[in-house]
Amino acid sequence: MKPFAYVRATSLREAADAYAAHPGSRYLGGGTNLVDLMKLGVETPTALIDISRLPLGEITELPDGGLRVGAMVRGTDLAADPRVRTRYPLLSQALLAGASGQLRNVATTGGNLLQRTRCAYFQDLSKPCNKREPGSGCGAREGIHRDHAVLGHSEHCIATQPSDMAVALAALDAEVELYGGPDTTRTVAAGEFHRLPGDRPEQDTVIRPGEIITGVVLPPAAPGAVSLYRKARERASYAFALASVAAVLDLDDGRVRRIALAFGGLAHRPWRATTAEARLTGAEPHPDTVRAAVDAELARAEPLRDNAYKVPLARNLACDAVAALAGTHPGSPATP
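Caption draft 1: Molecular detail of the pattern of salt bridges. Inspection of the entire model under this criterion finds 27 salt bridges. One salt bridge connects R269 with E192, and the closest N-O pair in it is separated by 3.7 Å. Note that R269 is positioned in the loop between strand 11 (255-264) and strand 12 (271-272) and E192 in helix 11 (residues 190-193), a separation of 77 residues in sequence. Under the relative-accessibility criterion, E192 is labelled partly exposed at 46%. When the shortest N-O distance is used, the salt bridge between R305 and D306 registers 2.8 Å. D306 gets classed as partly exposed once you look at its relative accessible area, which sits at 35%. Salt bridges here are not isolated pairs; linked through shared partners, they connect R26, E43, R116, K131 and D204.

Caption draft 2: Up close: the sheet that holds strand 1 (residues 5-8). Strand order in the open sheet formed by 3 strands is 1-3-2, and the pairing between neighbours is parallel. Since the sheet does not close on itself, it has two edges, and those belong to strand 1 and strand 2 (26-28), each with one partner. For this sheet, the mean inter-axis angle between neighbouring strands, taken without regard to orientation, is 25 degrees. Alignment of strand 1 against strand 3 (residues 47-50), held across 4 bridges, turns out to be parallel. The residue of strand 3 that forms the bridge with R8 is D50.

Caption draft 3: Here's a closer look at unusual backbone geometry. In this model, D173 sits at a positive phi of 55 degrees, which is unusual for a non-glycine residue. Secondary-structure assignment places D173 in the loop between helix 10 (164-171) and strand 6 (175-179). Judged by its relative accessible area of 38%, D173 falls in the partly exposed class. Although it is not a glycine, D253 sits at a positive phi angle of roughly 55 degrees. Positionally, D253 belongs in the loop between strand 10 (243-252) and strand 11. Given a relative accessible area of 77%, D253 falls into the exposed group.

Caption draft 4: Expanded view of the side chain of R195. Within the element layout of this structure, R195 appears in the loop between helix 11 and strand 8 (212-218). Buried charged residue R195 carries no salt bridge. Nearest counter-charge: D199, at 5.6 Å. One polar contact links the side chain of R195 to the main-chain carbonyl oxygen of R200, over a distance of 3.0 Å. Sequence-distant contacts of R195, defined by excluding residues within four places in its chain, comprise R200, Q203, D204, T205, V206, H268 and R269.

Caption draft 5: Quick look at helix 1 (residues 12-21). For helix 1, the set of buried residues is A15, A16 and A18. Down the axis of helix 1, the buried side of the element spans an arc of 160 degrees, and every buried residue falls inside it. In helix 1, the exposed positions that point more than 90 degrees away from the buried face belong to A20 and A21. Close packing links the buried residues of helix 1 with strand 1, strand 2, strand 3, strand 6 and strand 8.

Caption draft 6: Fine view of the environment of G65. If you trace the backbone, G65 turns up in the loop between strand 4 (59-61) and strand 5 (67-70). Sequence spacing of G65 and F193 is 128 residues, and the spatial spacing of their C-alpha atoms is 23 Å.

Caption draft 7: Focus on the pairing of strand 7 (residues 185-189). By the bridge criterion, 5 bridges tie strand 6 to strand 7 in an arrangement that is antiparallel. Its bridge partner being in strand 7, L178 is matched across the sheet by R186.

Caption draft 8: The packing of aromatic side chains, seen in detail. Summed over all chains, the structure comprises 1 aromatic pair. Both rings, one in Y19 and one in Y27, keep their centres 5.0 Å apart while their planes meet at 25 degrees; by these two values the pair is stacked. A relative accessible area of 17% means that Y27 is categorised as buried. The ring of Y309 carries R146 above its face, with NZ or CZ at 4.6 Å from the centroid.

Caption draft 9: Just empty space enclosed by the protein, in detail. A full pass over the atoms with the stated rule returns 2 cavities of 30 Å³ or more. If you trace the largest cavity, you find 17 residues lining it, with C119, C129, C138, C157 and A159 closest to the centre. Sorting the residues of the lining of the largest cavity by element identifies helix 8 (120-123) and helix 9 (139-142) as the ones contributing at least two each. Looking at the lining of the largest cavity residue by residue, the classes come out as 10 nonpolar, 6 polar and 1 charged. Approximately 60 Å³ is the volume found for the second largest cavity. Lining the second largest cavity are Q115, R116, T117, K131, T160, Q161, P162, H194, D204 and H268. For the lining of the second largest cavity, the residue count by class is 1 nonpolar, 6 polar and 3 charged.

Caption draft 10: Geometry of the nonpolar core. Grouped together as the largest cluster of nonpolar side chains are 51 residues, with contacts concentrated most on I49, L78, L90, L91, L113, L169 and L218. Of the residues forming this core, the biggest block, 7 residues, is contributed by helix 10. When near neighbours in sequence (up to four residues on either side) are disregarded, L78 contacts I59, V69, V73, V84, L91, L95, T109 and M165. Residues V150, L151, L261 and A276 belong to the second largest nonpolar core, which totals 33 residues.

What counts and what doesn't
- Residues numbered from 1 in each chain as written.
- Predicted model: local features only at pLDDT ≥ 70, side-chain atom pairs only at ≥ 80, totals over all residues.
- Heavy atoms only, no water.
- Salt bridge = Lys/Arg side-chain N within 4 Å of Asp/Glu carboxyl O.
- Helix = DSSP H or I, 4+ residues; strand = E, 2+ residues; numbered from the N terminus.
- Buried < 20%, exposed > 50% of the residue type's maximum accessible area, 1.4 Å probe, protein only.
- Pairing = 2+ DSSP bridges.
- Axes fitted to C-alpha atoms, helices over the stretch in contact; angles between N-to-C directions.
- Lys, Arg positive; Asp, Glu negative; His and termini not counted.
- Polar contact = N/O pair within 3.5 Å; in protein donor to acceptor, adjacent residues only side chain to side chain.
- Contact = heavy atoms within 4.5 Å.
- Arc of directions from axis to C-beta.
- Phe/Tyr/Trp six-rings, centres within 6.5 Å; stacked < 30°, edge-to-face > 60°.
- Lys NZ or Arg CZ within 6 Å of the ring centre and 35° of its normal.
- 1 Å grid on protein atoms, 1.4 Å probe; cavity = no way out; pocket = protein on both sides within 12 Å on 5 of 7 lines; lining within 4 Å.
- Points joined across faces, edges and corners; volume = space filled by probe spheres on them.
- Nonpolar A, V, L, I, M, F, W, Y, C, P; charged D, E, K, R; others polar.
- Core = buried A, V, L, I, M, F, W, Y, C linked by side-chain atoms within 4.5 Å.

Written as structure tokens, this is what we have:
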């Protein structure tokens, strides 16, 4: 462990000032990912700016019927909140699928969005990784990449974004609030918060240096809309997604008024299936129609040597999720 300074911030302004005063510093919330990476030597911050005691731990009702989730809200509390479970069940399901109970008790909403890839080459200092050390190469491309991306990857990086919660937020059209100083606050669509790797894979998100996530805004849930989160993984608990899907469905007289589909485990960011959504809007959610729409989306996939299985896996997850929401399966959310 390399030595580092520690600053406990008492306000957003103080946190931003401390970050500016310590080049190479990091903000500390729950620390469930950052501290592990420090132990591995992947992260070597000059200072930790502790923001865990800032007043960002509330879930607030908004006038339009939406919710604002503070950045310090713990995963356990967010998943258990009755308003979340009732209006946004896919978000609760994603959180419960995303980690052990012990981690959810500590991990924060903001930290969940900022967690780094679990690629073994990123975490191993003896291996090349453009995300960890730009220009060193991507060891996973010709190495072990069974769990890696099939959509939106580049020659520089094939890692996947690990957050289940981020996939649900992308499907919900949530927004991420950012603070960079008294006069530099902004919001970013959750689906645009994470980046595709391109030639700058070290940049996971669009967050600017020194910015702090202060909260996530969930828009009002449409009356009658149903949602769910489905995840395929190597074991039943505490494992990252091989593929996952967050789905929101709103039917009008048997036809799709609105649908949102976002895939996890397939790309460097949650993958919003806009092609499939466009094809399904206005159509009856017949299984053949859904499969054709999802296939059109996944036609963009470029699987590598060992991860082509992810394409049919994602297709089946999405088709099963839409069928469940449309009421095809007994006990589905749309079935009385």
